[in-house]
Amino acid sequence: MTRDDVSENKNSHKSKLIPFLTTTILYFSLIEHTDRATTPSTVLKCMPIISLLFFVMLTETKTKEARRYSRCIWLGLCFSSVGDLLLNYDLFEAGMGAFGAAQVCYIAAFGFRRLKLWIGAILYVGGIMATALFYENLNSIIKICLPMYAVLLLTMCWRSLARIQTPNNLLQLACGISSILFVLSDGIIAFDKFYTPIYSAQTYIMITYYIAQAGITLSITDHRLDEFANTLDSPKQLYKKTASKNKSKSS
């Protein structure tokens, strides 16, 4: 890929983000003038995520690994849009289920090849401590569903952060930061709903949520997806490859 090709791809990706930026601006401009649990508010809330779905559909993927990754991200966005719809009609448990399915799709995209268990341990301990603050305020159903969703959400964040090879890979770094923002967005929902009201909570929730979804979606444009996959061999596989190369050189 030449430098001109890379520049052309970047410009193409920027133009495909215009619908997302436009619908996000429309949401924050008009949502205060609509009533919750109505069609206009639902459309406003869902349109940014739907525009990201089209971004994925319009982004060309040339390799098997990239196509699999894009498909998982696309499915995650689909479930997220369903979750947005359900939450807008105050169907909290069903919405949490839809977002749980979205997290499973994102986890499938990120994979488990680079474990980095210490990241997961930190996130899970933090999640347990945060949940303990408001656990007694949950009803019987949420007491079961919310911890399950929290595990999926934190696993998604762990796997996204574990993918970062170097800070120079801006797309992987942005995806990792976006996963943290996703956790922050859902954390604000939980604290505002089950612990103590947070001033302008909805604004903070949606800002972090939209940025998170955009950052995760943009990761599909990383042309190094296959390169990344190929560098994730186990030590045993790497040893075999190295031994094979040494044999071929000696012969």
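Residues numbered from 1 in each chain as written. Predicted model: local features only at pLDDT ≥ 70, side-chain atom pairs only at ≥ 80, totals over all residues. Heavy atoms only, no water.

Student: What is the right way to read the overall build of the chain from this model?
Tutor: A tally of regular secondary structure across the chain gives 11 helices and zero strands. Taken from N to C terminus, the helices and strands of the chain fall in the order α-α-α-α-α-α-α-α-α-α-α. By residue count, 41% of the 251 residues in the chain fall in the buried class. The contacts in the chain between residues at least 6 apart in sequence include a share of 77% that link residues at least 24 apart. Entry remark: accessible area of the chain is about 14100 Å², with carbon and sulfur atoms responsible for 66%. (Helix = DSSP H or I, 4+ residues; strand = E, 2+ residues; numbered from the N terminus. Buried < 20%, exposed > 50% of the residue type's maximum accessible area, 1.4 Å probe, protein only. Contact = heavy atoms within 4.5 Å. Areas by Shrake-Rupley, 256 points an atom, 1.4 Å probe, with all protein chains shown as cover.)

Student: Would you explain the packing of helix H2 (residues 18-30) against helix H9 (residues 201-218) in this entry?
Tutor: Describing two packed helices takes the angle between their axes plus the distance from one axis to the other. Running from N to C, H2 and H9 point in directions that differ by 175°, and their axes come no closer than 12 Å. As the angle between them shows, H2 and H9 are arranged roughly antiparallel. Touching Phe20, Thr24, Tyr27 and Phe28 of H2 are Gln202, Thr203, Met206, Ile207, Tyr210 and Ala214, all from H9. Tallied by class, residues from the contact of H2 with H9 come to seven nonpolar, three polar and no charged. (Axes fitted to C-alpha atoms, helices over the stretch in contact; angles between N-to-C directions. Parallel < 35°, antiparallel > 145°, perpendicular 65-115°, else oblique. Nonpolar A, V, L, I, M, F, W, Y, C, P; charged D, E, K, R; others polar.)

Student: Hey, could you run me through unusual backbone geometry in this one?
Tutor: A negative phi angle characterises most non-glycine residues, just as the trans form characterises most peptide bonds. The residue Asp90 is not glycine, and still its phi comes out positive at about 60°. If you trace the backbone, Asp90 turns up in the loop between helix H4 (64-88) and helix H5 (92-110). Within the chain, Lys116 stands out as a residue other than glycine whose phi angle is a positive 50°. Within the element layout of this structure, Lys116 appears in the loop between H5 and helix H6 (117-134).

Student: Can you walk me through H9 in this structure?
Tutor: Every α-helix carries 3.6 residues per turn, so stepping three or four residues along brings you back to the same face. For H9, which comprises 18 residues, the first-to-last C-alpha distance of 26 Å matches the rise-based estimate of 26 Å (1.5 Å per residue) to within 8%. On the buried face of H9, the contacting elements are H2, helix H3 (39-58), H4, H5, helix H7 (140-162) and helix H8 (170-194). (Expected span 1.5 Å × (residues − 1).)

Student: Teacher, can you tell me more about the environment of Asp90 here?
Tutor: On the basis of relative accessible area, Asp90 is assigned to the exposed category, the value being 53%. Residues Asp90 and Ala37, 53 residues apart in the sequence, show an inter-C-alpha distance of 7.4 Å.

Student: Hey, could you run me through the pattern of salt bridges in this one?
Tutor: Opposite charge on two side chains permits pairing when their charged atoms draw close. The full count for this structure, using the stated rule, is two salt bridges. With a closest N to O distance of 3.0 Å, Asp90 and Arg36 form a salt bridge. With a gap of 54 residues between them, Asp90 in the loop between H4 and H5 and Arg36 in the loop between H2 and H3 connect regions that are remote in the sequence. When the shortest N-O distance is used, the salt bridge between Glu65 and Arg68 registers 3.4 Å. A residue pair is termed a helical-turn pair when its members lie 3 or 4 positions apart in one helix, as Glu65 and Arg68 do in helix H4 at three residues. Judged by relative accessible area, which is 21%, Glu65 ranks as partly exposed. (Salt bridge = Lys/Arg side-chain N within 4 Å of Asp/Glu carboxyl O.)

Nothing here speaks to function; it is all geometry.
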